[in-house]
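Descriptive analysis of the structure
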Amino acid sequence: MDTAIEIQNLTFAYSGKQVLHDVTLDIPVRQVTAFIGPSGCGKSTLLRCFNRINDRIPNAKVTGGSIYVHGIDINRSDIDLQELRRRIGMVFQKYNPFPKSIYENVAFSLRLAGLTKRTQLNEIVENALQSAALWDEVKDRLHSSAFGLSGGQQQRLCIARAIANQPEILLMDEPCAALDPLATLKIEELIYELKKQYTIVIVTHNMAQATRCSDRTAFMYLGKLIEYGPTMQIFETPKEAQTEAYVTGTFG
Amino acid sequence: MFDPEKLILKGLPKGHFKDCVVRSLMAGLTYAIVLIAALLFGKIIVDGAPVLFKAQAPFVDFEFLTAKNETLHVFDDAQGTRHQLPASAYSDYIKKHEGTPIFNETTYSYSGGGIAGPIVGTILLTVGSMILALFFGVCAAIYLSEYAKQSPFIHTVRLAILNLAGIPSIVFGLFGFSVFVLAVPVITATPSDRSLLCIPLFINDYVMSFQGWNSSLMAGCATLACMILPVIITASEESLRAVPQGFRDASLALGATRWQTIRKCVLPFSLPGILTSSLLAITRVAGETAPIMFTAAVAAKDDLPWQGLKSPFDLLSSQVQALPYHIYTLAARIPSSEYTERAQYGSVFVFLVIVAFLSLGSMILRIKLRSKLKW
């Protein structure tokens, strides 16, 4: 099994306060890996290390260990951050389409890359929207504002926007936290489809969601990785007492 | 014990009288303010509008808007008819009626002709200073809110900028006089005698001479821009901050650079806010007298601003008339009489109309931009 992201003894601190302690885990290619754990356990922070979006938070930095993406240490000083972020897409907790048309939202990163040919743009936008299972719902109003869509549609638009870059890895930071159950279901179905093409890492509060759509699950608590393994094993026969307590609902 | 009967009022509610008094007091004060504004605008409109508008077609006295400002001559001819003529028309009249005597001649400075010079001067000053202030102000705001680390030093810088807003405009006028009029560097082959410092450039005879721009449109624009910079910076920074962090995150996560993010995902969405703030600044710039008194404005000018120019640069380095300064001159420098009222009220009225149009323009622009962007 190939490894997409390899994390070795990672420690991370916000202005001196350590939030990740010695995290080591391997994330396999073309599978869904879920991070679960109570609020503030560092799962989002860990996820945000993978595309170095934490860089823009002042005084936040990796204080030890390393992250390898397909073998390359992404914390090297000579990393092309823009290319890294194109290869590793991200979907945020609160859906955040730009106040532009649906089409322009998806075409955003293509235009950044300097793509101007109409036919090429149209093709990639259509493909991205189709992959995000949104094409049929929006094909007649591509040029109307993205803000006219429902919450679930907006989140899928954000997924389409990330896919338009044709990334290797897709990071999802609680993508369903702001959505109702039906919209959540659609996103989960989408994740199931997307994992055929992309390596997906998803942070979730919802344990049922982790069991439904992930292949492997990592349980984190207070900045430490407590247990990591196949999802079935984590939920049915956890090795650690803390994991068992959390997945059975006795705490957290 | 809870007694439900107590829920029903007996007599007036508690504090009813106090409520009524406070309410009528507040209402009275509010309407007093409205009354003052109404009186002010009413007086200006009643006395000023007839100067600009006429009962017959084309209903607007274009001459008042397009003619240059002149001295007004008032006199009686031999038949006893009273004439009011601006200086140029007056000399024509004298030439035409040579030999016939005129009686009771009086002259009123600045009161004849139109106010084309002040109008164009004010527009040039406003546009020039807004371009300068928006460029510098938005750049500074972007640095402060997007790039700078939020350190104590940056907070001090921000506080210093805020404090600039409280400086009286006359101080800006004097500052502009000492810096832009007397001290900023120019490149010239013939430095003036009062140049503070000359640095030879070794290209022909050219030197960089710290002799200032003299009293000129340039110096006036720069001074006005300094005066409104704090307003523009503070308001721009606020509207930049109002753009949700999510847009920046999304843009960076899609592989945009910092500058691409600012240019495509932050600046366009904060533009309506920046324009709203510059709306206030525009009206302030158009109306200030003190900063331009020493740096750009003249009371009287023989040519209209666009006349007698050899190059566009001449426009920048020439002095201009400006409406607020013109109003000040008409009010304070000449004795008032029934013959000066036309110029006085007309100028004030035209000034109000211009400011109203400027505000309306930016308001429409803002609404148009805002309607496209909602989050």
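Tallying secondary structure elements over chain B gives 13 helices and 6 strands in all. In terms of overall dimensions, chain B is more spread out than a globule: its C-alpha atoms have a radius of gyration of 28 Å, far above the 21 Å expected for 375 residues. With the C-alpha coordinates of chain B rotated into their principal frame, the extents come out at 105 × 80 × 35 Å. Considering chain B as a whole, with its 375 residues, one finds that 34% of them fall into the buried category. Summarising the internal contacts of chain B: among those between residues at least 6 apart in sequence, 77% fall at separations of at least 24.

Residue and element names in this part refer to chain B. Running from N to C, helix 4 (residues 116-147) and helix 9 (residues 258-287) point in directions that differ by 140 degrees, and their axes come no closer than 10 Å. It follows from the interaxial angle that helix 4 and helix 9 lie oblique. Here helix 4 runs over helix 9; the crossing is right-handed. In this structure, helix 4 uses Thr 122, Thr 126, Ser 129, Met 130, Ala 133, Leu 134, Val 138, Ile 142 and Glu 146 to contact helix 9, whose residues at the interface are Ile 262, Val 266, Ile 274, Ser 278, Ala 281, Ile 282, Val 285 and Ala 286. In terms of residue class, the contact of helix 4 with helix 9 is built from 12 nonpolar, 4 polar and 1 charged.

Moving on: the confidence of the model for chain B. Summary statistics for chain B give a mean pLDDT of 88 and a share of 99% for residues scoring 70 or more. In the predicted assembly, ipTM is 0.91 and pTM is 0.84.

With that settled, the discussion passes to the environment of Ile154(B). Residue and element names in this part refer to chain B. Relative to the assigned elements, Ile 154 resides in helix 5 (residues 152-164). By the C-beta count within 10 Å, which is 15 here, Ile 154 ends up partly exposed. C-alpha of Ile 154 to C-alpha of Glu 105: the two residues are 49 residues apart in sequence and 65 Å apart in space. Not counting residues within four places of it along the chain, the set of residues in contact with Ile 154 comprises Leu 144, Ala 148 and Lys 149.

Contacts between chain B and chain A engage 19 residues on the former and 20 residues on the latter. Counting residues per element, the ones that place at least two in the side of chain B that touches chain A are helix 8 (245-253) and helix 9 of chain B. The dominant element in the side of chain B that touches chain A, judged by the number of residues it contributes, is helix 8 of chain B, at 6 residues. For the side of chain B that touches chain A, the class distribution of residues is 11 nonpolar, 5 polar and 3 charged.

For the rest of this paragraph, the subject is the sheet that holds strand 5 (residues 198-200) of chain B. Residue and element names in this part refer to chain B. On the basis of which strands lie adjacent, the open sheet formed by 3 strands has the order 4-6-5 and antiparallel pairing. One side of each edge strand has no neighbouring strand; the edge strands of this open sheet are strand 4 (185-188) and strand 5. Averaged over all pairs of adjacent strands, the angle between their axes in this sheet comes to 25 degrees, without regard to strand direction. Pairing of strand 4 with strand 6 (residues 207-210), which is carried by 4 bridges, proceeds in the antiparallel orientation. In the strand pairing of strand 6, Thr 188 is matched with Val 207.

Analysis parameters
- Residues numbered from 1 in each chain as written.
- Chains lettered and ligands numbered in written order.
- Predicted model: local features only at pLDDT ≥ 70, side-chain atom pairs only at ≥ 80, totals over all residues.
- Helix = DSSP H or I, 4+ residues; strand = E, 2+ residues; numbered from the N terminus.
- Rg over C-alpha atoms; globule rule 2.2 N^0.38 Å.
- Buried ≥ 20, exposed ≤ 12 C-beta atoms within 10 Å, placed from the backbone.
- Contact = placed C-beta atoms within 7 Å.
- Axes fitted to C-alpha atoms, helices over the stretch in contact; angles between N-to-C directions.
- Parallel < 35°, antiparallel > 145°, perpendicular 65-115°, else oblique.
- Left-handed = near helix turned anticlockwise from the far one by under 90°.
- Nonpolar A, V, L, I, M, F, W, Y, C, P; charged D, E, K, R; others polar.
- pLDDT = per-residue confidence, 0-100.
- Pairing = 2+ DSSP bridges.

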